[in-house]
Amino acid sequence: MTDWSGKTADGTFAVQIQAPVLGALDRLCREAGAFETGGILIGRYSDDLAVAIVREATPPPLDSRRGRSWFVRGVGGLGDILGNSWRAKERTYYVGEWHFHPVAHIEPSGDDFDQMLKISHAKKYDCKEPLLLILGTGKQDGWRSLRAFVCPAGCAPLELLPRVGAADEK
Ligand SMILES: [Zn+2]
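Looking at an unreviewed UniProt entry, the chain carries the name Conserved uncharacterized protein, with the source organism given as Stigmatella aurantiaca.

Here it is as structure tokens:
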């Protein structure tokens with residue numbers, strides 16, 4: 001299993017999702033069965049700020065609510081998790097959200113983007129360009145299919161397109 005890298009068509013935003021994170025997400029999606037689920041993404045930006053590096057995906061907080069086609073992420077426990085990440089030797093912080101949609105064809109909903117817009121403007125997240133990662137039930141190159149978006153405050157969301165063969169670039 002390798003990292004997943006994506007970049008917007010205009011080259012302004014890039015993301016790298018590390019292989020252990022992909023493994024953890026796959027397990028969390030499997031556990032959710034026919035229901036939506038989600039959590040937050042924790043990571044950091046590269047030194048030149050060009051790439052968001054996702055280091056961790058949290059399980060759904062216990063106060064989350066879910067259905068077959070909707071999910072409201074709770075907040076329980078996230079303060080402690082983010083506090084520990086911030087104080088860790090290698091500092092990491094909130095970089096976005098992940099969702100599982102239990103369908104083969106991955107399509108972000110209007111609600112998904114509305115929520116990301118709110119987050120991009122929210123002081124408590126302090127993240128003006130949050131990522132939205134959506135996983136589905138399908139397979140893509142032997143791996144669970146996913147789509148990634150960056151949702152900059154004040155702009156329309158942009159899709160991060162997979163960069164084939166870019167996994168080993170640093
Ligand atoms: Zn969603």
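Additional details are given in the paragraphs that follow.
Attention shifts here to the coordination of the zinc ion. Coordination of the zinc ion by the protein is provided by H99 (ND1), H101 (NE2), D112 (OD) and D112 (OD), with metal-donor distances spanning 2.1 to 2.4 Å. Bound by 4 donor atoms, the zinc ion shows angles of 54 to 143 degrees at the metal and therefore irregular coordination geometry. Counting along the primary sequence, the residues that act as donors to the zinc ion give the motif H-x1-H-x10-D. On the criterion of sequence distance, the pair formed by H101 in the loop between β7 (93-100) and α3 (110-121) and D112 in helix α3 is long-range, its members being 11 residues apart. Taken individually, H101 and D112 each receive the classification buried, so the pair is uniform in this respect.

The subject of this paragraph is the environment of R163. Its location among the elements puts R163 in the segment after β10 (158-162). Distance from R163 to A14, taken between C-alpha atoms, is 9.6 Å for residues 149 residues apart in sequence.

A few words on the sheet that holds strand β8 (residues 131-140). Strand order in the closed barrel made by the 8 strands is β1-β2-β4-β3-β7-β8-β9-β10, with mixed pairing throughout. Strand-to-strand twist across the sheet, computed as the mean angle between neighbouring axes with direction ignored, equals 35 degrees. Taken together, the 7 bridges between β8 and strand β9 (residues 143-150) define a ladder with antiparallel strand orientation. Within the sheet, the bridge partner assigned to L133 lies in β9 and is A148. In the packing of helix α1 (residues 19-32) onto the sheet, the strands contacted are β1 (4-7), β2 (14-17), β3 (37-45), β4 (51-57), β7, β8 and β9, and the crossing angle to β9 comes to about 105 degrees.

Compared with an ideal rise of 1.5 Å per residue, which puts 12 residues at 16 Å, α3 spans 17 Å between its outermost C-alpha atoms and is within 8% of the ideal. Taken together, the buried positions of α3 are D112, M116, I119 and S120. With its buried residues spanning 100 degrees around the axis, α3 presents them on a single face. Counted as exposed and oriented over 90 degrees from the buried face of α3: D111, K118 and H121.

One pass over the structure, following the stated rule, counts 7 salt bridges. Salt-bridge contacts for R30 lead to D26; the nearest nitrogen and oxygen are separated by 2.8 Å. Here R30 and its partner D26 are both found in helix α1, 4 residues apart, which amounts to about one turn of the helix. Note on R30: relative accessible area 55%, which makes it exposed. Judged by its relative accessible area of 13%, D26 falls in the buried class. Between D26 and R144 there is a salt bridge, with the nearest N and O atoms lying 2.7 Å from each other. Of this pair, D26 sits in helix α1 while R144 sits in strand β9, and the two are 118 residues apart along the sequence.

What counts, and at which threshold
Once a new chain begins, its residue numbering starts again from 1 and follows that chain's sequence as written. Totals for whole chains, interfaces and linings use all residues, but because this is a predicted model, local features are given only for residues with pLDDT of at least 70 and pairs of side-chain atoms are given and counted only at 80 or more. Water and hydrogen atoms were dropped before computing side-chain values, which therefore reflect all heavy atoms in the structure. Here the coordinating atoms are restricted to nitrogen, oxygen and sulfur within 2.8 Å of the metal centre, or 3.2 Å for Na, K and Ca, and because water is not among them the sites may look incomplete. The geometry test gives tetrahedral to four donors whose angles all lie between 85 and 135 degrees, gives square planar to four donors and octahedral to six donors whose opposite members are over 155 degrees apart with all other angles between 65 and 115, and gives irregular to the rest. Secondary structure elements are taken from DSSP: a helix is a run of H or I of four residues or more, a strand is a run of E of two residues or more, and numbering for both begins at the N terminus. Each residue gets one of three labels from its accessible area relative to the maximum for its type: buried under 20%, exposed over 50%, partly exposed in between, using a 1.4 Å probe on protein chains only. One bridge is not enough; two strands pair if DSSP finds at least two bridges between them. Lines fitted to the C-alpha atoms define the axes, with helices restricted to the stretch that makes contact. Angles between their N-to-C directions range from 0 to 180 degrees. Every residue pair with non-hydrogen atoms within 4.5 Å of one another is taken to be in contact. To estimate the expected span of a helix, count its residues, drop one, and scale the result by 1.5 Å. The arc in question is formed by the directions pointing from the helix axis toward the C-beta atoms. Salt bridge, as applied in this entry: a Lys or Arg side-chain nitrogen positioned within 4 Å of an Asp or Glu carboxyl oxygen.

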